[in-house]
Amino acid sequence: MRLLLIEDHRDIAANIAEFFEAHGDTVEHVLDGERGLQLALSQQFDAIVLDLMLPGLDGLSLCRQLRQAGHTRVPVLMLTAKDLLADKIEGFEAGADDYLVKPFSLAELDVRLRALLRRANVPPAQRLLTVGDLTFDLDTLEAERGGERIKLNPTTRRLLIVLLQNSHRVVTRQELERELWGDQPPQGDFLRAHMHALRTAIDKNFATKLLHTVHGTGYRLSAEPPRS
């Protein structure tokens, strides 16, 4: 794995680099956001570990600019001392794929990065996800239904990807909550509001409904109505 580490805390960066290099990985380390963005745009990395608080250009702005420049496939894992739900949501909406709060275990960082790589390295033939007349391109992050562009925010996009990749089965509420918030979901039924927004986006203007609620279990994307 070729890893770009953008972290201004030298001790933390040294520990991360030592750990991954001992496992045969390559780590390119920079101390500030502007240099980090320059490298992320000009060189190829398997994953990026990005600190939130950086001199010059903060992690959120860096991630947004990276995604806006079309670099959508490289996974970004954000490191931060901020553990509030609002901070995590802000990170995901900036384009991060995962979020780890300091202090953290290096073994957990490794496991999370390997999981992100498995998800990112989908064969080209499987990069276009389809259910019925709904399609989602994993490279462009664009969704269409019946030739009509579907507008999604980062949260509904993440939910849609999981549902499309698992359209053969019911995806549980716990799985979807874990996708959005990791192992610390918020108190209250925030998932319901996001699922309502997704249903509005993909089903409201179409006669055939694709997003089905399986009461007491979760949700499924299917062109066929659920069996009663």
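Residues numbered from 1 in each chain as written. Predicted model: local features only at pLDDT ≥ 70, side-chain atom pairs only at ≥ 80, totals over all residues. Heavy atoms only, no water.

Novice: How would you summarise the pairing of strand β1 (residues 2–6) if you had to cite specific residues and measurements?
Specialist: For β1, the buried fraction is high: 4 of the 5 residues fall into the buried class. Bridge count between β1 and strand β2 (residues 26–30): 5 bridges; the pairing is parallel. In the sheet register, R2 faces β2, and the bridge partner there is T26. Once the chain exits β1 it traverses helix α1 (residues 10–22) before rejoining the sheet at β2, and the crossover so formed is right-handed. Bridging between β1 and strand β3 (residues 47–51) involves 4 bridges; their strand directions are parallel. Bridge pairing in β3 places I6 opposite L50. (Buried < 20%, exposed > 50% of the residue type's maximum accessible area, 1.4 Å probe, protein only. Helix = DSSP H or I, 4+ residues; strand = E, 2+ residues; numbered from the N terminus. Pairing = 2+ DSSP bridges. Right-handed = clockwise from strand over helix to strand, strands pointing away.)

Novice: Got a sec to walk through helix α6 (residues 154–165)? Specific residues and values, please.
Specialist: Between its terminal C-alpha atoms α6 stretches 17 Å, which fits the 16 Å expected from 12 residues at 1.5 Å a residue. Where burial is concerned, most of α6 is hidden: 9 out of the 12 residues are buried. One side-chain oxygen of the residue at the start of α6 lies 3.0 Å from the amide nitrogen of T155, identifying that residue as N153. (Expected span 1.5 Å × (residues − 1). Polar contact = N/O pair within 3.5 Å; in protein donor to acceptor, adjacent residues only side chain to side chain.)

Novice: Explain the nonpolar core to me, and be specific about the residues and the numbers.
Specialist: Nonpolar side chains in soluble globular proteins tend to be buried together. Within the largest apolar cluster, 27 residues are counted, with the highest numbers of intra-cluster contacts made by L160, L163, L176, M195, L198 and L221. At the level of secondary structure, the elements contributing two or more residues to this core comprise β6 (128–131), β7 (134–137), α6, α7 (173–181), α8 (190–203) and β12 (218–221). With 6 residues, α6 is the single largest residue contributor to this core. Among all residues touching L163, those that are not within four sequence positions of it are V171, L176, M195, L198, L211, Y219 and L221. Of all hydrophobic cores here, the second largest spans 23 residues; its members include I6, F45, L62 and Y99. (Core = buried A, V, L, I, M, F, W, Y, C linked by side-chain atoms within 4.5 Å. Contact = heavy atoms within 4.5 Å.)

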